[in-house]
Amino acid sequence: MSTDVALQALTLTLGAFRLQSLNLTVSRGQILVILGPNGSGKSVTLEIIAGFHRPDSGRVLIGGRDVTALAAEQRNVGYVVQNFGLFPHLTVAQNIAIARRTDRKIIETGKALSVPRDDKGLLAYFDVAHLAHRWPEDLSPGEKQRVALARVLASEPDLFLFDEPFAALDTQTRDQLRGDLLSFLRTLSIPAIFVTHDHADAMTLADRIAVLREGAVVQDGPAADIFGRPVSSFVAGFLGVENILKAQVIETTDTLTVLAIDDRMLRASGPMVAAAGDPVCLAIRAEHVTIGPPQAEQPPSFAVNRFEGLVTSVRSLNPLVTVEVDCGFPLKGYLLAPQAHAMNIGAGKLVSVEIAADAVHVMAN
Amino acid sequence: MNLAIRLALGTCGILVSASMAVFGAQAAEPTVLTIFAAGTLAVPFKEVSAIFEKQNPNVTVQAQFGGSVMMAKKITDLHQDADLLAVADYNVIPKYMFGHPPHAAWYAGFARNAITFVYTDKSKYAGEINAQNWYKILARKGVEIGRSNPDTDPSGYQTVQMLSLAEKFYGDAGLEQRVLANAPLTNMRDTETSLISALQLGQIDYLAIYRSDALQHHLKFIDLPGKINLSDPAQAAYYQQGIVHTKNGDLAGKPIVYAVTMVNGSTNAGVAEKYVALLLGPQGQAVMKNNGFGEFNPAFAVHVEAMPAGLKKLVEPWPAS
Amino acid sequence: MLQRPAKRWDRRAPSQSRGLYLLCWFLGTILVAFLVVPLIALALSQSGQSLASVARMGDVRDAIALSLEGAFLSAAIAALMGVPLAYGLARTTFPGKSVVAALVDLPLAVPHTVAGIALLMVLGRQGVLGAPLQALVGLKFWGTLAGIVAAMLFVSAPYTVNAARMGFEAVDPRLEKIARTLGLGPWRTFARITLPLARRSIMTGVTLTYARSISEFGAVVILAYYPMTAPVKIYELFLRFGLDQAAGASVLLLAVSLALFLILRTLSRGTPRRENR
């Protein structure tokens, strides 16, 4: 796939903050999520792409054009911010009308593009025609998002930029809007960069993820890779991995790595990243931690780790129940509510915990 | 009691004690002698007041200076308290202070002055002008002359009276009009002292002002003939030929005599009397002379019988004109 | 404390502090009374007849008209030049910015006579700006409307700049950025996004400038006695006649000013909701 958006070796120093040689690409039809904590430089990166900061070095390419020296209004980017940034002194219709039209066509990839470009068409397409004369402050978040998308689409961008638009919303609304946004972006083939500190956003939206920390990309690749194989405990934590444990490598074989956490032994399959004797970190997603009643037999194979432990806490978040077990080290797992009920799970209960070897992800730090 | 009531009471308490402090302080202070005086008396009066305060240690003199008419009206219209009033034109006292009810009963002339024109090195034709050719130079095109408002200020109408006399003195018909043409409304202010900065900045070339101001501000000035500069009470009859048309009617020229009076109803009459005695006496007269004013020895007074006994012997009745 | 039954007038919410509320009312009333009672006393001192006779005086009407005209020009210039300055102060940083901001406030602290003399020094016949302006364009500041406007502008411009600056600072810069990405250039963004959102603050500042210009005396009178603005005229009336006449002209000026401000306020309100909070 041709690269439509590229950030090449971008650096910038802003006061105490330094962006260090950022390199990212986004292709047509792709959604890149830049994930990172506050202060890592996510918003600054977007502002560089949009044209509000001049990088100290490096290039920004959009739609094949080098836009590094261009002003924002010449770059054809669409910018959506927290709370959607509708102009409060204009009605919905005026918000959409104020976007400047160009003669260019929106980039298409063989899909029939049925998104209209005129004001009336846009209002209808996003189902906000009945709100045309309303003021932004009267709209629900969902309505605001639709108006913001209509407005941004009206300016016919080559790239969408989203700067934590859902940050101030409650979970249910976020879920709803994320879903709407995803369908919207899938309809077009315009590349999008979405910036957030919430891994749930990344999980839903991302084709690719770049994890940013203190101005540097620490991991960058397809979403599945990032989620499945975080490169450090920082990234793992940020992705919401529930179990991050320090361990030591005992020995490595062709297929397995044997690790020890205090006096408990664990086996992990997957690529070797360390040698015997090295301290490492393990990332285990809670959904791979199977909790069940204590079992007498040996586990079926070396590929499964089994422990016994006492339940330390049970927290209910319908439909899931989060269970923390002390197996010599703390482990979190999920049960579905009916399972938890059937097992009569409660603090102090003895349970057995199973983790497949390939669910144990070893990281250097 | 809840907080709000406590706060409100506290605020009242602060206000009350503050006012008590102010009033209390006033009761404990030494006697204050309040003088309202013409602006041109500022410098000499400060000197006289310093001498007075030395002689009377428990007295503080507080003087305000401004236009003579303004000062009189502060007493008559604004009902401000003053013990003494001193004006640049003795006519101001009978005109404003002898009304119904009367705010003063007498006045004494204590200094003389002369109208003159002041100028600087920057002024046009500064090198050429003298006591003989002044009226020709001041009439030249491009010369800017400043003066005060004849409708409201003594030096304003005295200037025009002087020009009117000059016309007769030099036998030069139209002199007054020609000079006044260079002193249009835009060059006028309500007191002449407001124009001194304009003179120093070069906005105007010549300023009609008192001789005492010229000397006090170290400005060059023209020695106008005594027959026209309103400085000599002996020329009073001649001066009457100088007429100025103002919004208050036609005013005939009179000698420039500074007059002082004690304001009726003042609570410090005794102290005020002493101050007047100092002013009319040799020390006060010396101060006036040193500051460029003409002497007045002895002082003339109107309604001598209404004056306090201690002052009567210092004055002579004003000669009838 | 015993629970008191809620009275009809006691409809406040449980958390609304009566004490704090009463204190605000108490102190506020004192201040408003302090500001308003002298003006009411002034107004009541005049009968309809005396007001009518003052209104008949042509020179009084001219003086008021001149004050309004000069104040209008002063406010207009303050808006034209002060609004861009305010935008720069709100949006940019540069070395010495705090000095510039302090300098903008300086005229408020300068005694009026001093301000007038300083202006005369620069704009007068021999002034560094006044001399060339007079020679080249025939523009004079001594005894002219230009001088009156200069004096008014000097003492009242800070109000426009400060209010506009606060108005611009309240506009979310991200809205401006969004407008740029939507294809609006910097000028269009300023005109269609920034300015409308800051409009209310700017209008408040301009109104303050206008009001302050009308009342300026000390600086104006150094530059121009004739033609007479209203404050100068009122002072002259006091000297020539007395308190009554001066009070009459003052009440007339106050009435005209009040009417104007009400009109300005109504105009600046515009349609509701068309502003940011």
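Residues numbered from 1 in each chain as written. Chains lettered and ligands numbered in written order. Predicted model: local features only at pLDDT ≥ 70, side-chain atom pairs only at ≥ 80, totals over all residues.

Observations concerning the overall build of chain B
Step number 1: Scanning chain B from N- to C-terminus turns up 13 helices and 14 strands.
Step number 2: Expressed as lengths along the three principal axes of its C-alpha atoms, the size of chain B is roughly 85 × 55 × 35 Å.
Step number 3: Taken over 321 residues, chain B has a buried fraction of 48%.
Step number 4: Intrachain contacts of chain B at a sequence separation of at least 6 include 72% that bridge at least 24 residues. (Helix = DSSP H or I, 4+ residues; strand = E, 2+ residues; numbered from the N terminus. Buried ≥ 20, exposed ≤ 12 C-beta atoms within 10 Å, placed from the backbone. Contact = placed C-beta atoms within 7 Å.)

Observations concerning the packing of helix 2 (residues 42-55) of chain B against helix 11 (residues 269-280) of chain B
All names here are of chain B.
Step number 1: Helix 11 packs onto helix 2 with a crossing angle of 120 degrees between their chain directions and a minimal axis gap of 10 Å. As judged from the angle between their axes, helix 2 and helix 11 are oblique. Here helix 2 and helix 11 pass one another in a crossing that is right-handed. Contacts between helix 2 and helix 11 involve V48, I51 and F52 from the former and Y275, L278 and L279 from the latter.
Step number 2: Among the residues forming the contact of helix 2 with helix 11, the class breakdown is six nonpolar, no polar and no charged. (Axes fitted to C-alpha atoms, helices over the stretch in contact; angles between N-to-C directions. Parallel < 35°, antiparallel > 145°, perpendicular 65-115°, else oblique. Left-handed = near helix turned anticlockwise from the far one by under 90°. Nonpolar A, V, L, I, M, F, W, Y, C, P; charged D, E, K, R; others polar.)

Some details on the packing of helix 3 (residues 58-91) of chain C against helix 7 (residues 145-169) of chain C
Residues and elements named next belong to chain C.
Step number 1: Where helix 3 contacts helix 7, the axes come no closer than 6 Å and their chain directions differ by 35 degrees. Between helix 3 and helix 7 the crossing geometry is right-handed.
Step number 2: Taken together, the residues that form the contact of helix 3 with helix 7 break down as 20 nonpolar, five polar and three charged.

Let's talk about the arrangement of the chains
Step number 1: Taken together, the two pairs of chains in contact show their highest number of contacts between chains B and C.
Step number 2: Note that chain A does not reach chain B: the shortest distance linking a C-alpha of one to a C-alpha of the other is 37 Å.

Quick word on the confidence of the model for chain C
Should the pLDDT be low somewhere, the predicted coordinates at that spot are not to be read in detail.
Step number 1: Per-residue confidence for chain C gives a mean pLDDT of 89; residues scoring 70 or more make up 93%.
Step number 2: Predicted complex, confidence summary: ipTM 0.81, pTM 0.79. (pLDDT = per-residue confidence, 0-100.)

Some details on unusual backbone geometry
Step number 1: Geometrically, the link from B:H100 to B:P101 is a cis peptide bond, its omega value of -5 degrees lying close to zero.
Step number 2: Relative to the assigned elements, B:P101 resides in the loop between helix 4 (92-97) and strand 4 (107-112).
Step number 3: Note the cis peptide between C:Y226 and C:P227, where omega equals 0 degrees.
Step number 4: Phi is positive for A:D262, close to 50 degrees, though the residue is something other than glycine.

Digging into the domain arrangement of chain B
All names here are of chain B.
Step number 1: Taken domain by domain, chain B consists of domain 1 (3-112 + 256-317) and domain 2 (115-252).
Step number 2: Using only C-alpha atoms to locate each centre, domain 1 and domain 2 end up separated by 30 Å.
Step number 3: Each side of the interface is counted separately: domain 1 has 16 residues, and domain 2 has 19 residues.
Step number 4: Among the residues making up the side of domain 1 that touches domain 2, the classes are represented as seven nonpolar, seven polar and two charged. (Domains from an automatic or database assignment.)

Details of the pairing of strand 13 (residues 264-269) of chain A
Moving residue by residue along a regular strand, the side chains alternate between the two faces of the sheet.
Residues and elements named next belong to chain A.
Step number 1: Bridge count between strand 12 (residues 256-261) and strand 13: six bridges; the pairing is antiparallel. Following the sheet pairing, A260 is matched in strand 13 by M265.
Step number 2: As consecutive antiparallel partners, strand 12 and strand 13 are separated by two residues, and within that stretch D262 has a phi angle of approximately 50 degrees, a positive value. (Pairing = 2+ DSSP bridges.)

Topic: the pairing of strand 13 (residues 299-302) of chain B
Residue and element names in this part refer to chain B.
Step number 1: Bridge analysis of strand 4 against strand 13 gives three bridges, and the strand direction is antiparallel. In the sheet register, A108 faces strand 13, and the bridge partner there is A301.
Step number 2: With three bridges connecting them, strand 13 and strand 14 (residues 315-317) associate as parallel partners. Within strand 14, the position partnered with A299 by the bridge is V315.

A word on the interface of chain B and chain C
Step number 1: With 26 residues of chain B at the interface, the matching set in chain C holds 22 residues.
Step number 2: Elements with a minimum of two residues in the side of chain B that touches chain C: helix 1 (3-28), helix 3 (68-76), strand 7 (188-189) and helix 8 (196-200) of chain B.
Step number 3: Broken down by element, the side of chain B that touches chain C gets its largest block of residues, four residues, from helix 1 of chain B.
Step number 4: Among the residues making up the side of chain B that touches chain C, the classes are represented as eleven nonpolar, nine polar and six charged.

Thoughts on the interface of chain A and chain C
Step number 1: Taken together, the 18 residues of chain A in the interface contact 18 residues of chain C.
Step number 2: With three residues, strand 6 (residues 77-80) of chain A is the single largest residue contributor to the side of chain A that touches chain C.
Step number 3: When its residues are assigned to classes, the side of chain A that touches chain C shows eleven nonpolar, four polar and three charged.

Quick notes on the nonpolar core
Step number 1: Formed by 257 residues in total, the largest nonpolar core has its most connected members in A:L161, A:I193, B:L84, B:L85, B:V87 and C:L223.
Step number 2: Among the elements that take part in this core, helix 7 of chain C stands out by supplying 14 residues, more than any other.
Step number 3: Three or more residues apiece are contributed to this core by two domains, here domain 1 (3-112 + 256-317) and domain 2 (115-252) of chain B. (Core = buried A, V, L, I, M, F, W, Y, C linked by C-beta atoms within 7 Å.)

Quick word on helix 11 of chain B
Residues and elements named next belong to chain B.
Step number 1: Across its twelve residues, helix 11 extends 16 Å between first and last C-alpha, which sits within 8% of the 16 Å expected from 1.5 Å per residue.
Step number 2: Among the residues of helix 11, those classed as buried are A272, Y275, V276, L279 and L280. Looking straight down helix 11, one finds that the buried residues subtend no more than 130 degrees of arc, so they occupy a single side. (Expected span 1.5 Å × (residues − 1). Arc of directions from axis to C-beta.)

A word on the environment of B:A166
Residue and element names in this part refer to chain B.
Step number 1: By the element assignment, A166 lies in helix 6 (residues 154-170).
Step number 2: Spatially, the C-alpha atom of A166 lies 8.4 Å from that of G242, the residues being 76 residues apart in sequence.
Step number 3: Beyond its immediate stretch of four places on either side in the chain, A166 contacts Y135, L175 and I228.

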